Amino acid sequence: MNTNSSPAGAEVVTLASDLIRIDTTNTGDPDTTVGERSAAEYVAAQLEDVGYQVTYLESAPGRANVITRIPGADPARGALLVHAHLDVVPFDASEWRVHPLSGDVDDGYLWGRGAVDMKHMAAMTLAVARQFKRDGTVPPRDLVLAFVADEEAGGVFGAQWLVKNHPQLFEGVSEAIGEVGGFSVTLADDVRGYLVETAQKGSMWLRLTARGVAGHGSMIGHDNAVAKLAAAVTRLEQHEFPLVLTGPVRDFLTVVGEISGVPFDEDDPQAAVARLGSLSRMIGATLRNTANVTVFQAGYRDNVVPSVAHAVVDGRFLPGQGEILERDVRAVLGPEIELQVRSLPAVETTFDGHLVDRMAAAIRTQDPTARLLPYMLSAATDAKSFQQLGIRNFGFVPLRLPPDLDFTALFHGVDERVPTDALEFGTAVLQSFLSDC
């Protein structure tokens, strides 16, 4: 590996550590969410320190976003958006080996909430931008760097708000890179595949309501809202949605089969997924629509049968399958369960073109035998908002990872951490990529 020893690589760990130490916990509740202001001010200061002009925007008190544009050599080309979110999900510090806001470096890893989701990319982007300014580097096309709020709660105060209220900031942007992709998986004999997200499932949140007859807990009842809802969500938990093999998943499993020497059998994609080890959880979720109960609310006294019970279901659907998922969920739950539905669309693009070629070339400057693999993300990112502007989205945050690291388990997990040499690797790749994108 020929990891770049430039100033950008030298300062990326410090930048990431500083950002982790800034609490930007997003609970989804305005009353308990910390907000991104301090982190956004830090980002703005790092950019202004080397001479960039920044746009700082708060969508609500404390919910801050920072955007800057780096002029390219050919302004007629479509601009490239590089985006990272500054908020993180909550944590229980008592479960962690180190405090989640420590930003400590230990045993070759940088530890803390946001280390992989996704303050590491914010730090890498900052490091490269600062070196571009110091070196006088002019990228081949305009670069728009966006450090945004609220991704963990859907981007209402971040990407969604920017797209709706300040679309001019993204004028001319034709393509974008963001989370979750670019990280390596060791497939065979030290051959690494680097996953590039070209698609992601759509999101559908369903609020379930069951109604019954209220009464005293000591009486015999026959129309219990809690029992009715519990039975319905149990049916949903036990239901297996049909397997659907989409293009991105087929392409991914085909390339994995070529590298591993075990050909992909389209008649048994689940067997191919099972051979992926820890990655099988994420890839397996892209073989079918899913619907998981995440919230159950009912009752207010030990001895009172309530008349209403509520639950929330987190549904994820494959491209083009939104109506199918809603139809199937309604059928499983039954006519007595009322539904309120809120959804965000799937994201999908093809794995081709100049930008994909430049990703591959940049990765190979640091890992010559690397293979790029298109894949579908089972979760959601700010790409859902940016695609509303006609932007083509990819997940590309380059990291070379140890083969034994269960990387996908670190997203929102306990002891979130990233190898420091992976940060340096990623900064070198990103610098090469943005210099020739």
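A. Structural view of the environment of L276. Here L276 lies in the loop between α7 (269-274) and α8 (280-284). By relative accessible area, which is 15% here, L276 ends up buried. Each C-alpha atom, one on L276 and one on L187, is 8.5 Å from the other, the two residues being 89 residues apart in sequence. With sequence-adjacent residues up to four places away left out, L276 is seen in contact with F252, L253, V256 and I283.

B. Summary view of the sheet that holds strand β19 (residues 417-419). Spatial strand order, β4-β5-β19: three strands in an open sheet with antiparallel pairing. Of all the strands in the sheet, the pair left with one neighbour each is β4 (105-106) and β19. Here strand β5 (residues 109-111) pairs with β19 via three bridges, running antiparallel. In the strand pairing of β19, L110 is matched with V418. Contacting β4, β5 and β19, helix α12 (residues 420-435) runs over the sheet at an angle of about 65° to β19.

C. Quick peek at the sheet that holds strand β15 (residues 338-344). The strand order across the open sheet built from four strands is β12-β14-β10-β15, with neighbouring strands paired in antiparallel fashion. The sheet terminates laterally at β12 (290-298) and β15, the two strands that pair on one side only. Pairs of neighbouring strands in the sheet enclose a mean axial angle of 15°, with direction left out of account. Two strands pair when backbone bridges link them, and strand β10 (residues 202-211) and β15 are joined in this way by seven bridges, in the antiparallel orientation. Paired with R207 across the strands is Q340, a residue of β15. Lying over the sheet, helix α5 (residues 225-238) contacts β10, β12 and β14 (308-317), oriented at roughly 165° with respect to β12.

D. Fine view of the packing of helix α1 (residues 7-21) against helix α3 (residues 119-135). Relative orientation of the contacting elements α1 and α3 amounts to 140°, with a least axis distance of 8 Å. Regarding the angle of α1 to α3, the classification is oblique. The way α1 lies across α3 gives a crossing that is right-handed. Contacts from P7, A8, E11, V12, L15, A16, L19 and I20 in α1 reach K119, A122, A123, M124, L126, A127, V128, R130, Q131 and R134 in α3. For the contact of α1 with α3, the per-class residue count stands at 13 nonpolar, one polar and four charged.

E. Spotlight on the pattern of salt bridges. In the structure shown here, the tally under the stated rule is 24 salt bridges. As a salt-bridge pair, E11 and R134 come within 3.6 Å of each other at their nearest N and O atoms. Residue E11 is located in helix α1, and its partner R134 is located in helix α3; the two are separated by 123 residues in the primary sequence. Look at the salt bridges and you will find they share partners, linking E11, D49, R130 and R134 into a network.

F. Inspection of the packing of aromatic side chains at higher detail. Inspection of every chain in the model, using the stated rule, returns six aromatic pairs. Aromatic side chains F183 and F407 sit 5.1 Å apart centroid to centroid with 45° between the ring planes, which places their arrangement in the tilted category. Of this pair, F183 sits in the loop between β7 (173-178) and β8 (184-188) while F407 sits in the loop between β18 (392-395) and β19, and the two are 224 residues apart along the sequence. Exposure class is identical for F183 and F407. Each is buried. Following the ring pairs from residue to residue traces out a cluster consisting of F183, Y375, F407 and F411. Taking the ring centre of Y52 as reference, the NZ or CZ of K133 above it sits at 4.5 Å.

Rules used throughout
Residues numbered from 1 in each chain as written. Predicted model: local features only at pLDDT ≥ 70, side-chain atom pairs only at ≥ 80, totals over all residues. Heavy atoms only, no water. Helix = DSSP H or I, 4+ residues; strand = E, 2+ residues; numbered from the N terminus. Buried < 20%, exposed > 50% of the residue type's maximum accessible area, 1.4 Å probe, protein only. Contact = heavy atoms within 4.5 Å. Pairing = 2+ DSSP bridges. Axes fitted to C-alpha atoms, helices over the stretch in contact; angles between N-to-C directions. Parallel < 35°, antiparallel > 145°, perpendicular 65-115°, else oblique. Left-handed = near helix turned anticlockwise from the far one by under 90°. Nonpolar A, V, L, I, M, F, W, Y, C, P; charged D, E, K, R; others polar. Salt bridge = Lys/Arg side-chain N within 4 Å of Asp/Glu carboxyl O. Phe/Tyr/Trp six-rings, centres within 6.5 Å; stacked < 30°, edge-to-face > 60°. Lys NZ or Arg CZ within 6 Å of the ring centre and 35° of its normal.

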